[in-house]
Amino acid sequence: MHRMENLKNYDSEIYSLIEKEEKRQFDKIRMIASENYVSKAVLEASGSVLTNKYSEGYAGKRYYEGQQNIDEIETIAIERAKELFGADHANVQPYSGSPANMAVYLAFIKPGDTIMGLALPHGGHLTHGSKVSISGKYFNVVSYELDKETGLLNYGTIMELAKEHKPKIIVAGHSAYPRQLDFKKFREIADEVGAILFVDMAHFAGLVAGGVHPSPVPYADVVSTTTHKSLRGPRGGMLLCKEEHAKAIDKAVFPGIQGGPHNHTTAAIAVALKEALEPSFKDYAAQIVKNAKALADALKEKGYNLITGGTDNHLLLIDLTNKNVTGKIAAKALDNAGIVLNYNAVPYDTRKPFDPSGIRLGTSSVTSRGFRENEMLMIADWMDQIISNPEDEKMLEKIAGDVKDLCAKFPPPGLD
Ligand SMILES: *Cc1c(COP(=O)(O)O)cnc(C)c1O
């Protein structure tokens, strides 16, 4: 437990819930593909007095005084982001991934303009033009889908759609696609129709940083990312772009959609970027992918239907239809047995989004705590037992105990 004496004394109710959450994160195998464990250094920066400071504007051009330290912190974060990703320009102020994406739309298009992104039920994000998101309400959305046979992106089809609808922005990126993206092909499509290429690498930014996923930076006009998924930083967002778009992007973030930046988060992002620049981060990123592949192979051997037949990033998407269990029933049973993931739609799902056919899982968090291929085999065995008998409470309880014993041997970063 990290020391929170004041919180404990003043608000024992919240303190004890945080303590319980810390225990949950220690004792369970966390496989939600968007989650991770940050280091103690990142936690300390994000829990610092920087939360007290207002600093609307950018370094050297602020609206309030007293920015001697904040300007330096934000500049360090920007320089590290540029170095890590080889970008011309970085903006580290977006509150999170979704606001970062809104800033991109604000920077380049007007309400009613056409955007093209991956459909939500096919692994796109809400902010890529879903009807329930502002991105789907203010813009004309043309969604591309995955190939029905292969579950893969079909660049030929995307090209045809783009030629037909002439989008102003093409969004490449996903929250549930287990393969790498071909940014060169996306660039060709965007160039063919004169569109801005906007890559959202929220999920796989850590893999790009670690050199095990191609980088979108040389190809995209603008790249957005969260900082808290595979990149293993605090909850936040970031935009990288070509120099020619720097002004438009900065203006869109502030004053376009945000007020004062969250300086405690900026500092924690700087720390996380320093960690991601260490040689060891390359090993981390490589192990994430090795673990995902090992888990995919083990599950395939047990007859699981992996969308696209496997993975080459950090995540797996599994259609459970042939196992005669829904995604939700499986996810709940797995959680009860100490393996935490989410139910998820699969491409062309015949079930409803709130009760879909699949599950999604990722290896970023478990790799942070030191799990390797061997542990993946154990997880695959447990998952198979649970999914084959999701109502066997006794078995779930037994596995929960075994999971806890395994986790005790692998203390995660940030927790004692
Ligand atoms: C997670 C995610 C986001 C949004 O991030 P938040 O920080 O939750 O707002 C945006 N795009 C993609 C592709 C994501 O996976």
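Everything below is about the structure printed above this text.
This write-up is about the structure you can find in this document. (Residues numbered from 1 in each chain as written. Predicted model: local features only at pLDDT ≥ 70, side-chain atom pairs only at ≥ 80, totals over all residues. Heavy atoms only, no water.)

## Considerations on the pattern of salt bridges
A side chain of one charge can pair with a side chain of the opposite charge if their charged atoms are brought near each other.
In step 1: In the structure shown here, the tally under the stated rule is 15 salt bridges.
In step 2: One salt bridge in this structure joins Lys168 and Asp113, with 3.3 Å as the shortest N-O distance. Remark: Asp113 occurs in the loop between α5 (97–108) and β5 (114–118) and Lys168 occurs in the loop between α7 (155–165) and β7 (169–173); sequence separation between them is 55 residues.
In step 3: In this structure Asp113 comes out as buried when scored by relative accessible area, which is 17%.
In step 4: One network of salt bridges, with partners in common, ties together Arg62, Asp71 and Glu74. (Salt bridge = Lys/Arg side-chain N within 4 Å of Asp/Glu carboxyl O. Helix = DSSP H or I, 4+ residues; strand = E, 2+ residues; numbered from the N terminus. Buried < 20%, exposed > 50% of the residue type's maximum accessible area, 1.4 Å probe, protein only.)

## Section: the layout of surface pockets
In step 1: Roughly 1,100 Å³ of volume is contained in the largest pocket.
In step 2: In terms of lining residues, the largest pocket is bounded by 41 residues, among which Gln25, Arg30, Glu35, Asn36 and Arg235 are the most central.
In step 3: Of all the secondary-structure elements, those providing two or more residues to the lining of the largest pocket are α2 (12–27), α3 (40–46) and β14 (342–344).
In step 4: Considering each element in turn, the lining of the largest pocket owes the most residues, four residues, to α2.
In step 5: When grouped by side-chain class, the residues that make up the lining of the largest pocket number 17 nonpolar, 17 polar and seven charged.
In step 6: Composition of the lining of the largest pocket by domain shows at least three residues from each of domain 1 (44–276) and domain 2 (281–408).
In step 7: Taken as a whole, the second largest pocket encloses approximately 430 Å³ of empty space.
In step 8: As for the second largest pocket, its lining consists of 19 residues, of which Gly57, Tyr58, Lys61, His89 and Asp250 are closest to the centre.
In step 9: At the level of secondary structure, the elements contributing two or more residues to the lining of the second largest pocket comprise β2 (57–58), α4 (68–85), β4 (89–91) and α10 (246–257).
In step 10: No other element matches α10, which puts six residues into the lining of the second largest pocket. (1 Å grid on protein atoms, 1.4 Å probe; cavity = no way out; pocket = protein on both sides within 12 Å on 5 of 7 lines; lining within 4 Å. Points joined across faces, edges and corners; volume = space filled by probe spheres on them. Nonpolar A, V, L, I, M, F, W, Y, C, P; charged D, E, K, R; others polar. Domains from an automatic or database assignment.)

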